[in-house]
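As a plain string of letters, each chain reads:
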Amino acid sequence: GESVGLHLPTLSVQEGDNSIINCAYSNSASDYFIWYKQESGKGPQFIIDIRSNMDKRQGQRVTVLLNKTVKHLSLQIAATQPGDSAVYFCAEGANTGNQFYFGTGTSLTVIP
Amino acid sequence: EPEVTQTPSHQVTQMGQEVILHCVPISNHLYFYWYRQILGQKVEFLVSFYNNEISEKSEIFDDQFSVERPDGSNFTLKIRSTKLEDSAMYFCASSISGGAGEQFFGPGTRLTVL
């Protein structure tokens, strides 16, 4: 039979522009959230995390925003570079647990 | 920079055969994980392991799966009798702390069940 895979949302941006990647999470009890980057042929790479007692956290060129009211998470990448091209996943879990649930991912392509 | 390593990079097996996937976590890490990613699908949590025992496991991690830390460096995932639907990338990860602790992923083992 035909295999069914997820059709990843895609985002294309010009080099130097800012990127915003969105994620909706499902579990109201989740209190810890992570963004991962996955380049082709590699494992997920941690980018930034945020706990539910915060609504914003900044890293180097990245910012994560958390809206618990609508269960929405976003990742903002400033001055996007070609090396940022990858699939980006959000993951949700419990601050005290070890089980995390990944989202479907967004494929980011940076156009030089 | 320390990294998680996994071997083999690609494993091909016949349906019904046992496979063991190998991982060497980062040396000072205490928590170990296995995930799988079926082609084109989400990364799925399988199991976490701490202090020589399973701390959490998902519904996917049934009796066909087992994990072991046979020595001070290796962390293995065994699938006793592989099925076609076990074909996936299997990622090992490790972290210093559990819960809200950064997990470092290995490059994965691609398992193909024929």
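Calculation criteria
- Residues numbered from 1 in each chain as written.
- Chains lettered and ligands numbered in written order.
- Predicted model: local features only at pLDDT ≥ 70, side-chain atom pairs only at ≥ 80, totals over all residues.
- Heavy atoms only, no water.
- Helix = DSSP H or I, 4+ residues; strand = E, 2+ residues; numbered from the N terminus.
- Polar contact = N/O pair within 3.5 Å; in protein donor to acceptor, adjacent residues only side chain to side chain.
- Contact = heavy atoms within 4.5 Å.
- Buried area = accessible area lost by both parts, 1.4 Å probe.
- Nonpolar A, V, L, I, M, F, W, Y, C, P; charged D, E, K, R; others polar.
- Salt bridge = Lys/Arg side-chain N within 4 Å of Asp/Glu carboxyl O.
- Buried < 20%, exposed > 50% of the residue type's maximum accessible area, 1.4 Å probe, protein only.
- Disulfide = S-S within 2.5 Å.

A. Structural view of the environment of Gln 99 of chain A. The residue Gln 99 of chain A is located in the loop between strand S8 (86-93) and strand S9 (100-102) in this model. Here the alpha-carbon distance between Gln 99 of chain A and Asn 67 of chain A, two residues 32 residues apart in the chain, equals 21 Å. Engagement of the side chain of Gln 99 of chain A in a polar contact is seen with the side chain of Tyr 101 of chain A, the distance being 3.0 Å. A polar contact of 3.5 Å, which involves the side chain of Gln 99 of chain A, links it to the side chain of Glu 56 of chain B.

B. Quick look at the interface of chain A and chain B. Contact with chain A, which involves 23 residues of that partner, is made by 24 residues of chain B. Summed over both partners, the interface of chain A with chain B buries about 1,800 Å², with 54% contributed by carbon and sulfur atoms. Broken down residue by residue, the surface that chain A buries against chain B is led by Asn 98, Gln 99 and Phe 102 of chain A, which jointly contribute 35%. Summed over the shared surface of chain A and chain B, the result is 2 residue pairs in polar contact (both at pLDDT 80 or more). With 3 residues, strand S3 (residues 32-38) of chain A is the single largest residue contributor to the side of chain A that touches chain B. Per-class residue counts for the side of chain A that touches chain B are 10 nonpolar, 11 polar and 2 charged.

C. A look at the pattern of salt bridges. The tally for this structure, following the rule as stated, stands at 4 salt bridges over all chains. Of the charged contacts, one joins Asp 49 of chain A and Arg 57 of chain A as a salt bridge, the two residues approaching to 2.3 Å between their closest N and O atoms. Judged by its relative accessible area of 34%, Arg 57 of chain A falls in the partly exposed class. Among the salt bridges present, the one from Arg 36 of chain B reaches Glu 44 of chain B, with a minimum N-O distance of 3.0 Å. Take Glu 44 of chain B: its relative accessible area is 25%, and that puts it in the partly exposed class.

D. How the structure looks around the state of the cysteines. Scanning the entire structure with this criterion turns up 2 disulfides over all chains. Cys 23 of chain A shares a disulfide with Cys 90 of chain A; S-S distance 1.6 Å. With Cys 23 of chain A in strand S2 (residues 19-24) and Cys 90 of chain A in strand S8, this residue pair connects regions lying 67 residues apart in the sequence. A relative accessible area of 8% means that Cys 23 of chain A is categorised as buried. At a sulfur-sulfur separation of 1.9 Å, the disulfide partner of Cys 23 of chain B is Cys 92 of chain B. One disulfide, between Cys 23 of chain B and Cys 92 of chain B, carries an S-S torsion of -65 degrees and so falls in the left-handed class. Of this pair, Cys 23 of chain B sits in strand S3 (residues 19-24) while Cys 92 of chain B sits in strand S9 (residues 88-95), and the two are 69 residues apart along the sequence. Of the two residues, Cys 23 of chain B and Cys 92 of chain B, both sit in the buried class.

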